[in-house]
Amino acid sequence: MAKAPVLTPQAEDFPRWYQDLINKAELADNGPVRGTMVIRPYGYGLWERMQQEMDARIKDAGAQNAYFPLFIPQSYLTREAEHVEGFAPELAVVTHGGGKELEEPVVVRPTSETIINDYFSKWVQSYRDLPLLINQWANVVRWEMRPRVFLRTSEFLWQEGHTAHASYEDARDYAARIHRDVYADFMINVLGIDVVLGRKTAKERFAGAINTLTLEGMMGDGKALQLGTSHELGTNFAKAFNTQYLSRDGKQELVWQTSWGVSTRMVGGLIMSHGDDNGLRVPPRLAAVQVVVMAIKGDEAVAKVRELGDRLKAAGLRVQVDDRVDTPFGRRAVDWELKGVPVRIEIGPRDLEAGTAMLARRIPGGKEPVSIDVLAELLPTVLEEDQALLLKQSRERRESRTSEVATLAEAAEAAIAGGWARIPWADLGPEGEAKLAEQAVSVRCLVAEDGSVPDADDAPGTVAIVARAY
């Protein structure tokens, strides 16, 4: 009888494979309240590395970290009509506290545009106070009817940036800078996901925004996942909260604003972009553990892996030593493969005699013996090769499964078959977008013919990217 696979094969049941992997790789568990999740240490290590990489880029863009309250007076959300309408179905509202009914209900933070604008209106007095660039790392609550761990949970972790500017042009350019230099740079060069940069249609914009820029990735099953967004808010919130500044000309002017965010959804995107039937594959630039050095058995092997681990750490690699020789080697190897650590260095008694180690590469697969003495010099090159391979595979999947179509029917057919479609927006339009939605197919974003982000929905040559989505 054939041995049952550790994971449900992707081709057999992709959603089941995803859930199996989260469980077997010890990434997360369902929380006690429906729609919540417990992120386990290995999964949280992935998020911590994402935070570190993103935080550095956000600060390079000039934003500073701050923190705002979790509880927001309900009246704040009602000040911007489109915003409250967009979030009303997802709100969690607290009506009692300290054993008493509250005078005014408070909303558990779904996003912070309203409360941050209340403080921006106090902090901004003059053009000298602008631009005001704020970011916070926080949790938010959006009551989710169809939860999936990492992808859609009622509580999730994220960063949300909020900025105020003296002009429309400055706000527009800053939203585009975050979209391109922070989000796209991170997702392409660290996560190894070949995202498409575009703008959302009017139907899909963030509630209260005048423009939403998005980054869409194709997952292993051909569906799209929105991995991040950057919004131009215009003066909508400035009007609602009376956020004004004294211009150089001595006039009172409304500020122009942006907001932007990415979340723990990126962990789900990482899993579904790079995982295979053997488990997760973590991009080396992201991995909290790039190399695991494993003793197969024997006291001498244990001493050697500890020594080698120290040497590789000194060379700047992120290393974990696995010297648990009381646990069967095969079980440990499968666990590390499930977790997607890019490189395993395996050392046993025979390897010590030969002065070699077995080098196992998770991303391309395969094993080969390598001299122990060259590992510190060799591994950085190996890791960069494997990082590049993940991005190449992500790009090739997207390109091979994207069809150029001319009709609504062809666009729907391509999406339902498990791919993306590109169709001229002029041939689709809002009416076609609404018809696609009836088949659970959506316009993920609008792009220019050359792949750049169009200036407006109706810009000449604008193309719609159509897909089923998570």
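Residues numbered from 1 in each chain as written. Predicted model: local features only at pLDDT ≥ 70, side-chain atom pairs only at ≥ 80, totals over all residues. Heavy atoms only, no water.

> Which residues make up the side chain of R57, and what values go with them?
Counting through the fold element by element, R57 comes out in helix α2 (residues 41-60). Those residues in contact with R57 that lie beyond four places of it in its chain are D181, V182, D185, F186 and V190. (Helix = DSSP H or I, 4+ residues; strand = E, 2+ residues; numbered from the N terminus. Contact = heavy atoms within 4.5 Å.)

> So what about the sheet that holds strand β5 (residues 93-97)? Which residues, and what values?
Taken together, three strands build an open sheet; the order of strands is β4-β6-β5 and the sheet is antiparallel. In this open sheet, the two edge strands, each paired with only one partner strand, are β4 (71-73) and β5. Taking the axes of each pair of neighbouring strands and ignoring which way they run, one obtains an average angle of 50 degrees across the sheet. In terms of strand pairing, β4 meets strand β6 (residues 100-108) through three bridges, oriented antiparallel. What sits directly across from P73, in β6, is V106. (Pairing = 2+ DSSP bridges. Axes fitted to C-alpha atoms, helices over the stretch in contact; angles between N-to-C directions.)

> So, the packing of helix α1 (residues 14-24) against helix α8 (residues 265-274): which residues are in play, and what are the values?
Remark: α1 packs on α8, axes separated minimally by 11 Å, with the N-to-C direction vectors making an angle of 115 degrees. Regarding α1 and α8, the two cross each other, and that crossing is right-handed. Listed contacts from α8 to F14, W17, Y18, L21 and I22 of α1 are G268, I271 and M272. The residue makeup of the contact of α1 with α8, split by class, is seven nonpolar, one polar and no charged. (Left-handed = near helix turned anticlockwise from the far one by under 90°. Nonpolar A, V, L, I, M, F, W, Y, C, P; charged D, E, K, R; others polar.)

> Account for the packing of α2 against α8, with residues named and values stated.
The geometry of α2 relative to α8 is characterised by a closest axis approach of 10 Å and an angle of 110 degrees between their N-to-C directions. In terms of axis orientation, α2 runs roughly perpendicular to α8. Residues L46, W47 and M50 of α2 touch α8, and the partners they reach there are M266, V267 and L270. (Parallel < 35°, antiparallel > 145°, perpendicular 65-115°, else oblique.)

> Tell me about the packing of aromatic side chains, and please be specific about residues and values.
Counted according to the given criterion, the structure contains ten aromatic pairs. On the basis of an interplanar angle of 35 degrees and a centroid distance of 5.0 Å, the ring pair of F14 and W17 is categorised as tilted. With F14 and W17 both in helix α1 and three residues apart, this pair spans about one turn of that helix. Residues Y174 and W260 carry aromatic rings whose centres are separated by 6.3 Å and whose planes lie at 55 degrees to one another, so their mutual orientation is tilted. Of the two residues, Y174 is situated in helix α6 (residues 168-189) and W260 in strand β14 (residues 256-263); the sequence distance between them amounts to 86 residues. As far as burial versus exposure is concerned, Y174 and W260 are alike and both buried. Grouping aromatic residues by their ring pairs yields a cluster made of F68, Y119, F120 and W123. The positively charged end of R79 is found above the aromatic ring belonging to Y76, 4.8 Å away from the centroid. Positioned above the aromatic ring of Y470, the side-chain terminus of K223 is 5.1 Å from the ring centre. (Phe/Tyr/Trp six-rings, centres within 6.5 Å; stacked < 30°, edge-to-face > 60°. Buried < 20%, exposed > 50% of the residue type's maximum accessible area, 1.4 Å probe, protein only. Lys NZ or Arg CZ within 6 Å of the ring centre and 35° of its normal.)

> An account of unusual backbone geometry is needed here, citing residue identities and associated values.
L130 connects to P131 through a cis peptide bond whose omega is -5 degrees. Topologically, P131 is positioned in the loop between α5 (113-123) and β7 (132-141). Positive phi outside glycine occurs at F150, with the angle close to 75 degrees. In this structure, F150 sits in the loop between β7 and β8 (155-165). Judged by its relative accessible area of 2%, F150 falls in the buried class. Positive phi, close to 60 degrees, is recorded for A440, a residue that is not glycine. Structurally, the position occupied by A440 is in the loop between α14 (425-437) and β22 (442-447). Residue class for A440 comes out exposed when judged on its relative accessible area of 53%.

Keep in mind that these numbers describe shape and distance, not what the molecule does.
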